[in-house]
Amino acid sequence: MGTFTEPEVVPSPTQDSQRLRKAFQGWGTDEKEIIRVLGHRSATQRRKIRQTYQQLFNESLIDRLHSELSGGDFRV
């Protein structure tokens, strides 16, 4: 199993939400960017990102992840 590493300077939930939104746009999904954001945040940080994403974009981050990653081996 991998080791959880948190970046030295953790971006704000707003910055992470914007990065995720950008990863969803255009042709295809940038799965690597999604992993870079969510894979290096604690459960508490991910909860704040989920709440911030909902406030900023008026859509559920969980629903968007399900939609964008439905064809792969990713589990939300």
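Residues numbered from 1 in each chain as written. Predicted model: local features only at pLDDT ≥ 70, side-chain atom pairs only at ≥ 80, totals over all residues. Heavy atoms only, no water.

Colleague: Quick rundown of the pattern of salt bridges? Include the residues and the values.
Modeller: For the coordinates displayed, the defined rule picks out 7 salt bridges. For Arg 41, the salt bridge identified is with Asp 16, shortest N-O distance 2.9 Å. Remark: Asp 16 occurs in helix 1 (residues 13-24) and Arg 41 occurs in the loop between helix 2 (31-38) and helix 3 (43-57); sequence separation between them is 25 residues. The pair formed by Arg 41 and Asp 16 is uniform in burial state, with each residue classed as buried. Residue Glu 68 is joined to Arg 64 by a salt bridge in which the shortest nitrogen-to-oxygen separation is 2.9 Å. Of this pair, Glu 68 and Arg 64 both sit in helix 4 (residues 61-68), 4 residues apart, roughly one helical turn. With a relative accessible area of 17%, Arg 64 lands in the buried category. Each of Asp 16, Arg 19, Glu 33, Arg 36 and Arg 41 takes part in one network of salt bridges that share partners. (Salt bridge = Lys/Arg side-chain N within 4 Å of Asp/Glu carboxyl O. Helix = DSSP H or I, 4+ residues; strand = E, 2+ residues; numbered from the N terminus. Buried < 20%, exposed > 50% of the residue type's maximum accessible area, 1.4 Å probe, protein only.)

Colleague: Could you give an account of the environment of Arg 50, naming the residues involved and the relevant values?
Modeller: Examined against the element boundaries, Arg 50 turns out to sit in helix 3. As a C-alpha pair, Arg 50 and Asp 16 span 34 residues in sequence and 9.6 Å in three-dimensional space. Ignoring sequence-local partners within four residues, the contact set of Arg 50 consists of Leu 61 and Ile 62. (Contact = heavy atoms within 4.5 Å.)

Colleague: Describe the packing of helix 1 against helix 2, with residues and values.
Modeller: Geometrically, a packed helix pair is captured by the angle between its two axes and the distance between the axes. Two numbers describe how helix 1 lies on helix 2: the axes approach to 9 Å, and their chain directions differ by 165 degrees. Taken together, the axis directions place helix 1 and helix 2 in an arrangement best described as roughly antiparallel. With respect to the hand of their crossing, helix 1 and helix 2 are arranged in left-handed fashion. For the pair formed by helix 1 and helix 2, the contact residues are Asp 16, Arg 19, Leu 20, Ala 23 and Phe 24 on the first element and Glu 33, Ile 34, Arg 36, Val 37 and Leu 38 on the second. Partitioning the contact of helix 1 with helix 2 into residue classes produces 6 nonpolar, no polar and 4 charged. (Axes fitted to C-alpha atoms, helices over the stretch in contact; angles between N-to-C directions. Parallel < 35°, antiparallel > 145°, perpendicular 65-115°, else oblique. Left-handed = near helix turned anticlockwise from the far one by under 90°. Nonpolar A, V, L, I, M, F, W, Y, C, P; charged D, E, K, R; others polar.)

Colleague: A description of the nonpolar core should follow, citing residues and the corresponding values.
Modeller: Residues Leu 20, Ala 23, Phe 24, Ile 34, Val 37, Leu 38, Ile 49, Tyr 53, Leu 61, Leu 65 and Leu 69 constitute the largest nonpolar core, which totals 11 residues. Those elements that place two or more of their residues in this core are helix 1, helix 2, helix 3 and helix 4. Setting aside anything within four residues of it in sequence, one finds Ala 23 in contact with Gly 28, Thr 29, Asp 30, Glu 33 and Ile 34. (Core = buried A, V, L, I, M, F, W, Y, C linked by side-chain atoms within 4.5 Å.)

Note that all results are geometric; they support no functional claim without further evidence.
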